[in-house]
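Examination of the molecular architecture
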Amino acid sequence: MRAHRTPKHRTIVLSAILALALITPASAIASKRLVIAGSTSMLPLVEKLATAYHKAYPKIPTPKVEGGQTDIGIDDVAAGRADIGDASRDPIPGVDPTGLVFSKIARDGVCVITNTANPLPNLTQETVQEIFTGDMRNWSQVPGSTLTGPIDLFDRENVSGTQDAFQNIFLGEALKISPSATQESSEGLEVNAVGADRSAIGFVSFAATLNGGVHTVDYQGIPCTLPNAKSGQYGGVRNFWMVTKKVGTSPQAIKFIDWVTKPGNLTVRKIVSSEWIAIH
Amino acid sequence: MDRDPLTAAPSRGPRRIRRWATGRTDQRVERTLGALAVATLALIGAMLVTVLVKAWPSFSNNGLSWFGPGGDIESQLRAMAESKALPGHSILYFRAWPLIWGTLLTTVSAVLIALVVSTLAAIFLTEFAPPAVRRILDPVIRLLAGVPSVIYGLIGILVIAPYIDNHWISNARKASVGYVVQLSGADVMTASLVLTVMILPIMVSISAGALASVPASWREGSLALGVNRWRTIWRVSLRTARPAIVAATVLATARALGEAVMLSMLSGGRGFAPNLLDGLTFFFEPVRPLAATILQNAEGLTIPALAHTIYAIGAVLLISAAMLSLAGWAAKQQFKRYGVRA
């Protein structure tokens, strides 16, 4: 056999070029993308919408979605740093910069759940706060409970939108969920954990309560159901808004919001109702 | 006529062309393989650099205290997720000790238990098991080594954790630590035991292979000198198999260190440092190892402060894995003289 030995340096140079070609990112092509910034709570929803938007209009690049905070998003839009701001709280006249348009895109809400062996009839906001902040640690202290013994708290992980919704809707700014609570990393695991533990209490999105296995607790006397959440009777909900400037908004941004809020847009409806409440 | 196996195949065309093609093929193969090898190295290098660059803000902000204890780690992660710094601290403030302690507890206990059990199991398989039993156990163990970790996680979360919660943890025990931490059956003990089961098959498999490759003459020599069977196993077979057992341990430790899915489901999902002074309750306290923390916070990668912290955790895992391989290599050196290769 004739073994043709290639000079070593040639192999190495060739190899390095090939290696470089392999690791150069393919998406280094610059193009004008819509920039959406704001509420981290809305991040999972808006990211899904952005991907679906690009799928519906392949010629338009996927909008760039950034997290941060509602207030940062609103300021960014006002200052022109972002095309659209995401706000997970209602507009506050006098506090928010003027000259902005808020478009409601969806509702977000959570249900409080307990084990089926503990069919708690109702919870007031005060009781929910006392239980989840760890002030109330025994079921015998909870009005309406037939159970006794320590309360097992089930939280979601810190970056979860459901956790953020619960925190903001039920507890507000000042209170925090007791850090001793067990964190579950998905809705399914949360339902499973509460379903397996008699003395458990936790919270999930509406979609996760539909399959049963746990008891859904009424909040302030109103059952946690989708119709009640849509009508606004159920208290455990908040609105998701997209914020733009009144004048000078790019046509692209307007087109995106129109697509999201168009009545009867099945793609959007399907995405929203997977974890949130569709309103259009 | 010499028949080169490469060119002996049914051929068309004159011999000269075939020779030319063969020669070039060698060259091309050499270059392609070289390029692939360099590309792999370059990718690993690029990965390391990316992780370290993205992790740097977290390390430079916290200094060496990054590895130390301090405050509640869940509040720190939550502050980053909400982009609101804790009062009096920077947004990147992070003290990873509970996660590191959790990783050490689960990994070290699982590897130690697995080391003892797997060595005994390997001895049984090679020295005592009847051939019929061996024929069944060998493929079963290989099959177990390939079970995805999420399956172990599911079994644990559906069966083991509720069982421990309902039968082993009394309400009094729950109440005794209720102000600090919640006991739910998913805890350091459950996680370590399931982790042990996960890494056992690969350790048994490698150790049994090494024991089987100890030259029969060595053992026969020992037996002929009047040394009994157990002592022969202990002083001859096991000693010879030591490099392979070290290799198996390193491999298993790496798997335990990097395990994220099962541990995030079964370890209790809370960054807490179990306290040995709590007595028996210690075993029921939750932990959350480093890899599981990355998994649980991955949704927050678009939040800059959280992303830096997640990459920092990743960097610690990467460097630990590298040091582990190095330590394994160093440990093997002194056993090599009379050892069999893994």
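Residues numbered from 1 in each chain as written. Chains lettered and ligands numbered in written order. Predicted model: local features only at pLDDT ≥ 70, side-chain atom pairs only at ≥ 80, totals over all residues.

In this section: the overall build of chain A. Within chain A, the secondary structure is distributed over 10 helices and 10 strands. The buried share of chain A, reckoned over its 280 residues, is 44%. A sequence separation of at least 24 residues applies to 71% of the contacts in chain A between residues at least 6 apart. (Helix = DSSP H or I, 4+ residues; strand = E, 2+ residues; numbered from the N terminus. Buried ≥ 20, exposed ≤ 12 C-beta atoms within 10 Å, placed from the backbone. Contact = placed C-beta atoms within 7 Å.)

Turning to the pairing of strand 9 (residues 215-219) of chain A, a few remarks are in order. Residues and elements named next belong to chain A. Looking at chain direction, strand 4 (residues 100-114) and strand 9 are connected through 3 bridges and run antiparallel. When the sheet's bridge partners are listed, Val112 is paired in strand 9 with Val217. Judged from the 2 bridges that link them, strand 5 (residues 122-123) and strand 9 form a sheet pairing that is parallel. Pairing of Leu123 across the sheet is with Tyr219, part of strand 9. (Pairing = 2+ DSSP bridges.)

This part covers the confidence of the model for chain B. Residues and elements named next belong to chain B. Across chain B, the average pLDDT comes to 88, with 92% of residues at or above 70. Least confident of the elements in chain B is helix 6 (residues 171-177), whose mean pLDDT is 86; most confident is helix 3 (residues 97-128), at 95. Note on residues 5-9: pLDDT under 50 across the span, and 4 contacts to partners over four residues away in sequence or across chains. Among the scores for the predicted complex, ipTM is 0.72 and pTM is 0.77. (pLDDT = per-residue confidence, 0-100.)

Attention now moves to the interface of chain B and chain A. Contact with chain B, which involves 43 residues of that partner, is made by 38 residues of chain A. If you list the elements that add at least two residues to the side of chain B that touches chain A, you get helix 1 (15-62), helix 2 (73-81), helix 5 (149-167), helix 6, helix 10 (261-266) and helix 11 (290-297) of chain B. Considering only residue class, the side of chain B that touches chain A consists of 17 nonpolar, 16 polar and 10 charged. (Nonpolar A, V, L, I, M, F, W, Y, C, P; charged D, E, K, R; others polar.)

All names here are of chain B. In terms of domain boundaries, chain B breaks down into domain 1 (15-64) and domain 2 (67-338). Each of domain 1 and domain 2 has a C-alpha centre, and these two points are 31 Å apart. If you look at the interface, domain 1 gives 11 residues, while domain 2 gives 13 residues. Taken together, the residues of the side of domain 1 that touches domain 2 break down into 7 nonpolar, 3 polar and 1 charged. (Domains from an automatic or database assignment.)

If you look at the biggest cluster of nonpolar residues, it comprises 80 residues, and the most contacted ones within it are Ile199, Met203 and Leu266 of chain B. Top element by residues in this core is helix 7 (residues 188-212) of chain B. It accounts for 15 residues. When we break this core down by domain, the ones giving at least three residues each are domain 1 (15-64) and domain 2 (67-338) of chain B. Excluding anything up to four places from it in sequence, Ile199 of chain B contacts Ala110, Val111, Ala114, Ala252, Arg255 and Ala256 of chain B. Of all hydrophobic cores here, the second largest spans 67 residues; its members include Ile36, Leu45, Ala106 and Val204 of chain A. (Core = buried A, V, L, I, M, F, W, Y, C linked by C-beta atoms within 7 Å.)

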